Amino acid sequence: AQSVAQPEDQVNVAEGNPLTVKCTYSVSGNPYLFWYVQYPNRGLQFLLKYITGDNLVKGSYGFEAEFNKSQTSFHLKKPSALVSDSALYFCAVRDMRPSTTSGTYKYIFGTGTRLKVLA
Amino acid sequence: DVKVTQSSRYLVKRTGEKVFLECVQDMDHENMFWYRQDPGLGLRLIYFSYDVKMKEKGDIPEGYSVSREKKERFSLILESASTNQTSMYLCASSEGGGRPETQYFGPGTRLLVL
């Protein structure tokens, strides 16, 4: 079965330092991978996605993610963290097989990683 | 910009009550989804809809039903609320069509069942 894992419940980083939020996946075939961010009391917002092509994907708010097929990882990165980056981050993968009824694809989300950027 | 709205940000209900959560999207998206979010469990799919009046069960449909009478509106119904349904409920929509599409989320409804 397809799955994503976010091995860290929380990541703390000092403002101005680089940050990494980890995600590993388990899918058969080529994965479609996403990162979303959730600020307090808000819904999820799309950050970036990997479909195909360049392994380094750039997204919103200065974030980027590196797809590594050999390590089955899709880690989220930012060169210089801001206090305002403090939020809950979710990695997601599209299910490989669509529904046999509708052809709709489901998305499988990780458990989330809370990022705290300290001033 | 896609906008997904949810009818309530916070709800407090009693055990056994029937609860309606409503979601509206303004981008003519084919697909709509209901998730619940619980600490340590991430997002779990309850139901989704791929067209008007068409729905499919997600991973945790027990105790819930849904309704999609109009393309822009997708309702989640808790037939008889229970305390274990206390959670954050998130609605999302996406274009459909088989491409690996972005999901657009509403702000969420935090439901407390007493």
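Residues numbered from 1 in each chain as written. Chains lettered and ligands numbered in written order. Predicted model: local features only at pLDDT ≥ 70, side-chain atom pairs only at ≥ 80, totals over all residues. Heavy atoms only, no water.

Chemist: I tried to follow the overall build of chain B on my own but got confused; where do I start?
Modeler: Of the regular secondary structure elements, chain B holds zero helices and 11 strands. N-terminal to C-terminal, the α/β element order of chain B is β-β-β-β-β-β-β-β-β-β-β. Its C-alpha atoms give chain B a radius of gyration of 13 Å, near enough to 13 Å, the size a compact globule of 114 residues would have. By principal-axis analysis of the C-alpha atoms, chain B measures approximately 40 × 30 × 25 Å. Put simply, chain B has 114 residues, and 52% of those count as buried. At a minimum sequence separation of 6, the contacts of chain B that also span at least 24 residues come to 55%. (Helix = DSSP H or I, 4+ residues; strand = E, 2+ residues; numbered from the N terminus. Rg over C-alpha atoms; globule rule 2.2 N^0.38 Å. Buried < 20%, exposed > 50% of the residue type's maximum accessible area, 1.4 Å probe, protein only. Contact = heavy atoms within 4.5 Å.)

Chemist: Would you take a moment to explain the pairing of strand E12 (residues 113-118) of chain A for this structure?
Modeler: Within a regular beta strand, the side chains point alternately toward one face of the sheet and then the other, so they alternate between its two faces. Residues and elements named next belong to chain A. What you see with E12 is a clean split: Thr113, Leu115 and Val117 sit on the buried side and Arg114, Lys116 and Leu118 on the side with no burial. The pairing of strand E2 (residues 10-14) with E12 spans five bridges and is parallel. Within the sheet, the bridge partner assigned to Asn12 lies in E12 and is Lys116. The sheet contact formed by strand E10 (residues 87-94) and E12 spans three bridges and is antiparallel. Opposite Leu88, over in E12, you have Arg114 as the bridge partner. (Pairing = 2+ DSSP bridges.)

Chemist: Quick question: what am I supposed to make of the interface of chain A and chain B here?
Modeler: By convention, interface size is frequently given as the accessible area that disappears when the constituent parts associate. Between chain A and chain B, the residue contacts involve 24 residues of the former and 27 residues of the latter. Together, the buried faces of chain A and chain B total about 2000 Å²; carbon and sulfur atoms form 55% of this surface. Per-residue buried area on chain A facing chain B is highest for A:Asn41, A:Lys106 and A:Tyr107; these three make up 26% of the total on that side. For the side of chain A that touches chain B, the elements supplying multiple residues, two or more each, are strand E5 (33-38), strand E6 (44-50), E10 and strand E11 (107-109) of chain A. In terms of residue class, the side of chain A that touches chain B is made up of 11 nonpolar, nine polar and four charged. (Buried area = accessible area lost by both parts, 1.4 Å probe. Nonpolar A, V, L, I, M, F, W, Y, C, P; charged D, E, K, R; others polar.)

Chemist: Just checking my understanding: could you explain the side chain of B:Ser49 for this structure?
Modeler: All names here are of chain B. Relative to the helices and strands, Ser49 is located in strand E5 (residues 42-51). Given a relative accessible area of 0%, Ser49 falls into the buried group. If we ignore the near neighbours within four places in the chain, the residues touching Ser49 are Glu30, Asn31, Met32, Met54, Lys55, Arg68 and Phe74.

Chemist: Explain the packing of aromatic side chains here, please?
Modeler: Each aromatic ring pair is characterised by the separation of its centres together with the angle its planes make. Scanning all chains against the criterion turns up 15 aromatic pairs over all chains. On the basis of an interplanar angle of 80° and a centroid distance of 5.6 Å, the ring pair of A:Tyr36 and B:Phe105 is categorised as edge-to-face. Of this pair, A:Tyr36 sits in strand E5 while B:Phe105 sits in strand E10 (residues 104-105), on two different chains. You'll find A:Tyr36 and B:Phe105 in the same group, each marked buried. Through pairs of rings, three or more aromatic residues link up here, namely A:Phe34, A:Tyr36, A:Phe46, A:Tyr107, A:Phe109, B:Phe33, B:Tyr35, B:Phe48 and B:Phe105. A:Arg94 extends its terminal NZ or CZ atom over the ring of A:Tyr105, reaching a point 3.4 Å from the ring centre. (Phe/Tyr/Trp six-rings, centres within 6.5 Å; stacked < 30°, edge-to-face > 60°. Lys NZ or Arg CZ within 6 Å of the ring centre and 35° of its normal.)

Chemist: Looking at this structure, how should I read the pattern of salt bridges?
Modeler: Close approach of charged atoms allows side chains of opposite charge to pair. On inspection of all chains with the given rule, the structure shows 11 salt bridges over all chains. The salt bridge partner of B:Asp59 is A:Lys106, with a shortest N-O separation of 3.2 Å. Of this pair, B:Asp59 sits in the loop between strand E6 (54-57) and strand E7 (64-70) while A:Lys106 sits in the loop between E10 and E11, which puts the two residues in different chains. Classification of B:Asp59 by relative accessible area gives exposed; the value is 54%. Linked through salt bridges whose partners overlap, the residues forming this network are B:Asp28, B:Glu30 and B:Lys71. (Salt bridge = Lys/Arg side-chain N within 4 Å of Asp/Glu carboxyl O.)

Chemist: What is the right way to look at the confidence of the model for chain B in this model?
Modeler: Close inspection of predicted coordinates is inappropriate for parts of the model with low pLDDT. Per-residue confidence for chain B gives a mean pLDDT of 93, with 98% of residues at or over 70. Mean pLDDT values for the elements of chain B range from 93 in E6(B) up to 98 in strand E8 (residues 73-78) of chain B. (pLDDT = per-residue confidence, 0-100.)

Chemist: How should I be thinking about the environment of A:Gln45 in this particular structure?
Modeler: Residues and elements named next belong to chain A. With respect to the secondary-structure elements, Gln45 resides in strand E6. Excluding residues that lie within four positions of it along the chain, Gln45 makes contacts with Trp35, Tyr36, Val37, Tyr39 and Tyr61. Polar contacts involving the side chain of Gln45 include one to the side chain of Tyr61, which spans 3.2 Å. (Polar contact = N/O pair within 3.5 Å; in protein donor to acceptor, adjacent residues only side chain to side chain.)

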